[in-house]
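Now for the letters of each chain:
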Amino acid sequence: MTGDQITLFAIFAGVFAMFAWGRVRYDLVAFAALILGVVLGVVPEERAFSGFGHPATFIVALVLIASAGLSRSGAIGLLTRGVVDSDRSTPVHIALLGGLGAVMSGFMNNIAALALLMPVDLQTARKAGRAAALTLMPLSFATILGGMVTLIGTPPNIIVASIRAEELGSSFRMFDFAPVGLLIAGAGLAWITLVGWRLIPKREAPGDAEAEFADYVAELVVPKDNKAIGNRVSELEEAADSADVAILSLIRDGKRRHGAVRNLPLKAEDVLLVEGSPEALDEFRSAVKLAFPDEGKSDEDPPSAAGSGQILIEAVAQQGSRITGRTAQTIGLAWRQNAILMGISRSGKTIRQRARQTRVQAGDILLLLVPEETAEHVIEWLGCLPLAGRSLTVTQEHKAIYGLALFAGAVVAASLGAITMPVALGIVVIGYVLGRVLTGRDIYASVDWPVIVLLGSMIPLGLALDQTGGTALIAGWLTAATEGLPVWVSLAILMVVTMTLSDVLNNNATTILAAPIGIRTAEQMGVSPDPFLMAVAVAASCAFLTPIGHQNNTVILGPGGYRFGDYWRMGLPLEIIVVAVGIPAILMFWPL
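Each chain has its residues counted from 1, running along the sequence as written. Selection of residues for local features in this predicted model requires a pLDDT of at least 70, selection of side-chain atom pairs for listing and counting requires 80 or more, and totals for whole chains, interfaces and linings are taken over all residues. Side-chain metrics in this entry use all non-hydrogen atoms of the structure; hydrogen atoms and water are not considered.

**Some points on the overall build of the protein**
Inference 1: Numbering of helices and strands runs from the N terminus, with a helix taken as a DSSP run of H or I at least four residues long and a strand as a DSSP run of E at least two residues long. Each helix and strand in the protein was counted, giving 24 helices and 9 strands.
Inference 2: The contact rule is simple, with two residues in contact once any of their heavy atoms fall within 4.5 Å. Intrachain contacts of the protein at a sequence separation of at least 6 include 78% that bridge at least 24 residues.
Inference 3: The method behind every accessible area is Shrake-Rupley, applied with a 1.4 Å probe, and residues are considered shielded solely by the protein chains displayed. Total accessible area on the protein stands at roughly 23,400 Å², and carbon and sulfur atoms take up 59% of it.

**Some remarks on the nonpolar core**
Inference 1: Among the nonpolar cores identified, the biggest contains 132 residues, and F19, M118, F407, M458 and Y562 are the most heavily contacted of them.
Inference 2: Here the element with the most residues in this core is helix α3 (residues 55-72); it accounts for 11 residues.
Inference 3: What is meant by a nonpolar core is a set of buried Ala, Val, Leu, Ile, Met, Phe, Trp, Tyr and Cys residues, joined one to another through side-chain atoms within 4.5 Å. Note on classification: 1.4 Å probe, protein chains only; a residue is buried when its accessible area is under 20% of the maximum for its type, exposed when over 50%, partly exposed between these limits. In this structure, L220, V222, L281 and L367 belong to the second largest nonpolar core, which totals 24 residues.

**Observations concerning the environment of N507**
Inference 1: Relative to the helices and strands, N507 is located in helix α20 (residues 507-525).
Inference 2: For the pair N507 and A539, spaced 32 residues apart in sequence, the C-alpha to C-alpha distance is 9.1 Å.
Inference 3: Ignoring anything within four residues of it in the chain, the contact list for N507 reads P156, S502, A540 and H550.

**Quick look at unusual backbone geometry**
Inference 1: In this structure, K289 is a non-glycine residue whose phi angle is positive, near 60°.
Inference 2: Looking at the secondary structure, you find K289 in the loop between α11 (278-288) and β5 (310-316).
Inference 3: Residues other than glycine seldom take positive phi values, yet N338 does so here, at roughly 55°.
Inference 4: Here N338 lies in the loop between α12 (333-337) and β6 (340-346).
Inference 5: Note on N338: relative accessible area 45%, which makes it partly exposed.

**A look at the packing of helix α19 (residues 487-504) against helix α21 (residues 530-541)**
Geometrically, a packed helix pair is captured by the angle between its two axes and the distance between the axes.
Inference 1: Running from N to C, α19 and α21 cross one another at 30°; their axes reach a closest spacing of 8 Å. Here α21 runs roughly parallel to α19, going by the angle between their axes. Classified by chirality, the crossing of α21 by α19 is right-handed. Contacts from V487, S490, L491, L494, M495, T498, M499 and S502 of α19 reach α21 at P531, F532, A535, V536, V538, A539 and A540.
Inference 2: For this classification, the nonpolar set comprises Ala, Val, Leu, Ile, Met, Phe, Trp, Tyr, Cys and Pro, the charged set comprises Asp, Glu, Lys and Arg, and every other residue, Gly included, is treated as polar. Residues belonging to the contact of α19 with α21 are distributed by class as follows: 12 nonpolar, 3 polar and no charged. Simply put, an axis is a line fit to the C-alpha atoms, just over the touching stretch for a helix, and the angle between two N-to-C directions goes from 0 to 180 degrees. Convention used here: angles under 35 degrees read as roughly parallel, angles over 145 as roughly antiparallel, angles from 65 to 115 as roughly perpendicular, and any remaining angle as oblique. Two helices that cross are described as forming a left-handed crossing if the nearer one is turned anticlockwise from the farther one by less than a right angle, and a right-handed crossing if clockwise.

**Concerning the pattern of salt bridges**
Inference 1: In the sections that follow, a salt bridge refers to a side-chain nitrogen of Lys or Arg positioned within 4 Å of a carboxyl oxygen of Asp or Glu. One pass over the structure, following the stated rule, counts 6 salt bridges.
Inference 2: We note a salt bridge from R173 to D176, for which the minimum N-O separation is 3.5 Å.
Inference 3: Using a relative accessible area of 55% as the deciding quantity, one classes R173 as exposed.
Inference 4: Judged by relative accessible area, which is 14%, D176 ranks as buried.
Inference 5: Salt-bridge contacts for D466 lead to R520; the nearest nitrogen and oxygen are separated by 2.7 Å. Of the two residues, D466 is situated in helix α17 (residues 449-467) and R520 in helix α20; the sequence distance between them amounts to 54 residues.

**Observations regarding a negative patch on the surface**
Inference 1: Two joining distances apply to patches: 9 Å for like charges and 5 Å for nonpolar side chains (Val, Leu, Ile, Met, Phe, Trp, Tyr), and every residue must have over 30% relative accessible area and no salt bridge. Charge assignment in this entry is limited to Lys and Arg as positive and Asp and Glu as negative, and neither His nor the chain termini are counted. Working definition for charges: the position is that of NZ of Lys, CZ of Arg, CG of Asp or CD of Glu. On the surface, E238, D241, D244 and E283 cluster together to form a negatively charged patch.
Inference 2: With respect to the helices and strands, the residue D244 is situated in the loop between α10 (237-243) and β2 (246-252).
Inference 3: Judged by relative accessible area, which is 62%, D244 ranks as exposed.

**Points about the packing of α3 against helix α15 (residues 421-434)**
Inference 1: Two elements in contact, α3 and α15, have axes whose closest approach is 9 Å; the angle formed by their N-to-C orientations is 35°. Pair α3 / α15 crosses with left-handed handedness. Packed against α3, whose contacting residues are I59, L62, V63, I65, A66, G69 and L70, the element α15 presents P422, L425, G426, V428, V429 and Y432 at the interface.
Inference 2: The residue makeup of the contact of α3 with α15, split by class, is 11 nonpolar, 2 polar and no charged.

**So, the pairing of strand β4 (residues 271-276)**
Inference 1: Counting buried positions along β4 gives 6 out of 6 residues, so the element sits mostly inside the fold.
Inference 2: Alternating positions in β4 separate into two faces, V271, L273 and E275 on one and L272, V274 and G276 on the other, with burial throughout.
Inference 3: Only strands that DSSP links by at least two bridges are regarded as paired with each other. Pairing of β2 with β4, which is carried by 5 bridges, proceeds in the antiparallel orientation. When the sheet's bridge partners are listed, I251 is paired in β4 with V271.

**Let's talk about the pairing of β6**
Inference 1: Of all 7 residues in β6, 7 are buried; the element is thus mostly enclosed.
Inference 2: Two strands pair when backbone bridges link them, and β6 and strand β8 (residues 365-371) are joined in this way by 5 bridges, in the antiparallel orientation. Opposite L341, over in β8, you have L368 as the bridge partner.

**Describing the packing of aromatic side chains**
Given two aromatic rings, their pairing is described by the distance between the two centres and the angle made by the two planes.
Inference 1: For Phe, Tyr and Trp, rings pair up if their centres lie within 6.5 Å, where Trp contributes its six-membered ring, and each pair is then called stacked (planes under 30 degrees apart), edge-to-face (over 60) or tilted (otherwise). One pass over the structure, following the stated rule, counts 9 aromatic pairs.
Inference 2: Measuring from centroid to centroid gives 5.4 Å for F172 and W590, while their planes differ by 80°, and the two rings are edge-to-face. Here W590 lies in the segment after α24 (567-589) and F172 lies in the loop between α8 (155-168) and α9 (178-194), a separation of 418 residues in the sequence.
Inference 3: Looking at F172, the relative accessible area reads 3%, which means it is buried.
Inference 4: Taken together, the ring pairs connect F31, F49 and F52 into an aromatic cluster.
Inference 5: For a ring to carry a charge above it, either NZ of a lysine or CZ of an arginine must fall within 6 Å of the ring centroid while also lying within 35 degrees of the normal to the ring plane. Here R164 stacks its cationic end above the ring of F172, 4.7 Å away from the centre of that ring.

**Topic: α3**
Inference 1: The terminal C-alpha atoms of α3 lie 26 Å apart, and with 18 residues this matches the ideal 26 Å at 1.5 Å per residue to within 8%.
Inference 2: A large share of α3 lies buried, amounting to 16 of its 18 residues. Expected span, for any helix, means 1.5 Å times one less than how many residues it has.

**Details of the side chain of T90**
Inference 1: Relative to the elements of secondary structure, T90 occurs in helix α5 (residues 90-105).
Inference 2: For T90, a relative accessible area of 12% gives the class buried.
Inference 3: The residues contacting T90, other than those within four sequence positions of it, are R130, T135 and W197.

**What about the confidence of the model for the protein?**
Inference 1: As a per-residue measure, pLDDT tells how confident the predictor is, with possible values from 0 to 100. Of all residues in the protein, 89% attain a pLDDT of 70 or more, and the chain-wide mean is 82.
Inference 2: Low pLDDT, under 50, characterises residues 295-308; the stretch is placed with 26 contacts to residues that sit more than four places away or in other chains.

Structure (structure tokens):
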């Protein structure tokens, strides 16, 4: 083992450890690792930023923009209209909505597909009197499975195709993934629909029939001219009971009063900590004529009640959201966006502390008070997914056919080899701008920039590991461990290891490392590398054991009221099915 190999192995070990720790954003970790590699001399300085111009990075960005265009054009509305019916049984609902999600995620980013369908699933669960937890996880898993079917369905497929083009001279085509992907997705959907959803723990969650989402703890201020001043807190309990909220505590002069507060007389500027649903909180505030806290005003100005132009919105914090890992105060939510964080719900549990001073985690549901005219901008600025209705984005239904036709035409042209996939997607983006489906601002807002930074940083590191012989060394270890055994055993081991890494690490980073190892293993065994590349693509996409392995699993954590250990119950058998179906399918369509 050379010095460069040892250095790169150490860098990758540190990167994966930081990914697993999860306290630092993965894009920052990856970029820091890239710079470290350049400083230590294992990544050539002239190629340090080549990953940002890599075809895989560019295609991922274009897919995200095209996904936004499909949504804005109203094309998705045409597909979802008439599919959802609250009178259907749970298995039928999962089969229909999950099947639709799988189809959508084959042609658009799977997190975008989930974002569009999740509010539909939540609304249907409420109408059916069914816990949303029973159907949200199946929907998330279905959108992940569907992404395996096409080149643009999921970033691991794009990365594998780009690495194949560099190593073997030609890329995988649009539907080369379809034969294997369809068999695995079909088997996975059958498991989810018939058995898997029954294994999800049944507990009270934000999606229960009695509540839209979990109750929130919010702060309501007693204005200076309020008639309740001088009355005891207990005298507000009748109004609280009527609105179905609970008065938890009282904050005075910035300090929370512990113990019994029922007999405390109210003073101006007191802050009541109350718990309830969004509607109940607003009803209680209106009945008692309390005010929302307003951080945007000076200390001399009293907090004012919400005006007629303000609305309450619920949104889910994602891994890369601006507020994730920070508080509403530190990002300046109030003074930058004139918005207030009213409450936080985390995995079905109420956070019993001041919401605006609470560090937000990925998967938290945020209750936001925002100006109605800037609601969409606030959600985009935060980088969260809205749960109040299907989407805050105003769709343009009359452009649905245009949006679908342009996208379908580009896919067909790329599939027939008339143009390359990056050019095809570029034409779609330009067409959406010229057709006023997307604006220039929409283009930049729809790109998941942390993912782009991750890819741009990890690709040069992966190339350096390959060029120094590091991947060949790992492939040698794998070959030696399976010497004398059938080739499919090596295929299975590579698939299981890749899948396991994907469950705890970023799947894009896993793909960048695993794909070259697959190629070198095939070379040492004297067989075709395509089965190994297919195995990596499938395994890297299938992260079903934890809420951190895939963005979709993180997003449903709060709305479904799930716990960390809930995912493996349905996910472990699903991963076993993926391997059991995937290996024979790969060997059938991509022989050694």
